[in-house]
Amino acid sequence: MPRPMKWRKVCCLPENSKFGPLDLKVDDENIVRMTVDEYEAIRLIDLEGFTQEECAKQMDVARTTVQGIYAEARKKIAESLVNGKVLLIEGGEYRLCEGFGNGCGRGCRRHRHGWRFAGSDRGD
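An unreviewed UniProt entry lists the protein chain under the name UPF0251 protein EDD65_11526, with Keratinibaculum paraultunense as the source organism. The UniProt entry for the protein chain carries this comment under Sequence similarities (unreviewed entry): "Belongs to the UPF0251 family."

Buried within helix α2 (residues 52–59) we find Cys-55, Ala-56, Gln-58 and Met-59. End-on view of α2: buried residues confined to an arc of 165°, all on one side of the axis. In α2, those exposed residues whose orientation departs by more than 90 degrees from the buried face are Glu-53 and Lys-57. After α2 finishes, the residue Asp-60 shows a positive phi value of roughly 65°.

Attention now moves to the sheet that holds strand β2 (residues 18–19). In sheet architecture, strand pairing relies on hydrogen bonds along the backbone and comes in two forms, parallel and antiparallel. The strand order β2-β4-β3 describes an open sheet built from three strands, whose pairing is mixed. Two strands close off the open sheet at either side, each with one partner strand: β2 and β3 (31–34). Relative to strand β4 (residues 86–89), β2 is paired through two bridges, and the arrangement is antiparallel. Paired with Lys-18 across the strands is Leu-88, a residue of β4. The sheet contacts of helix α1 (residues 36–47) involve β3 and β4, and relative to β3 the element is tilted by about 75°. Here helix α3 (residues 63–83) sits on the sheet and contacts β3 and β4; the angle it forms with β3, its principal contact strand, is near 160°.

Let us look at unusual backbone geometry. You will see that Asp-60, though not glycine, has its phi angle at about 65°, which is positive. Position of Asp-60 among the secondary structure elements: in the loop between α2 and α3. Residue Asp-60 is classed as partly exposed on the basis of its relative accessible area of 34%.

What follows deals with the environment of Tyr-39. Summarising the element assignment, Tyr-39 is placed in helix α1. Its relative accessible area of 16% is what places Tyr-39 among the buried residues.

Cut-offs used in this document
Residues numbered from 1 in each chain as written. Predicted model: local features only at pLDDT ≥ 70, side-chain atom pairs only at ≥ 80, totals over all residues. Heavy atoms only, no water. UniProt positions renumbered as here; feature names shortened; annotations may be inferred. Buried < 20%, exposed > 50% of the residue type's maximum accessible area, 1.4 Å probe, protein only. Helix = DSSP H or I, 4+ residues; strand = E, 2+ residues; numbered from the N terminus. Arc of directions from axis to C-beta. Pairing = 2+ DSSP bridges. Contact = heavy atoms within 4.5 Å. Axes fitted to C-alpha atoms, helices over the stretch in contact; angles between N-to-C directions.

Here is the structure:
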């Protein structure tokens, strides 16, 4: 029996969830789907400069899990860029962080910007 899925902690949802060629017909053949947790791994490692170990701690998963999530995310970005496909960020096995205190720290956009929950998922 496989282990149950462990939810990946994500700081916040992306402000923009669709990227790609402006003149492309958007259909299933021209879309690459990236999950929110893959987006978070890219954000933490490539933008914020986290190591995979630090990213794993921030997302509350094992380092090997982050390694797999990160590799898959980079493959999807490459497919979008090289093959001229739309990158759509949606879905995944994640939960939003709770902001201040609860394991939230360096690299968390809510913590950095002082965002607080006001009834929305984005914390705006």
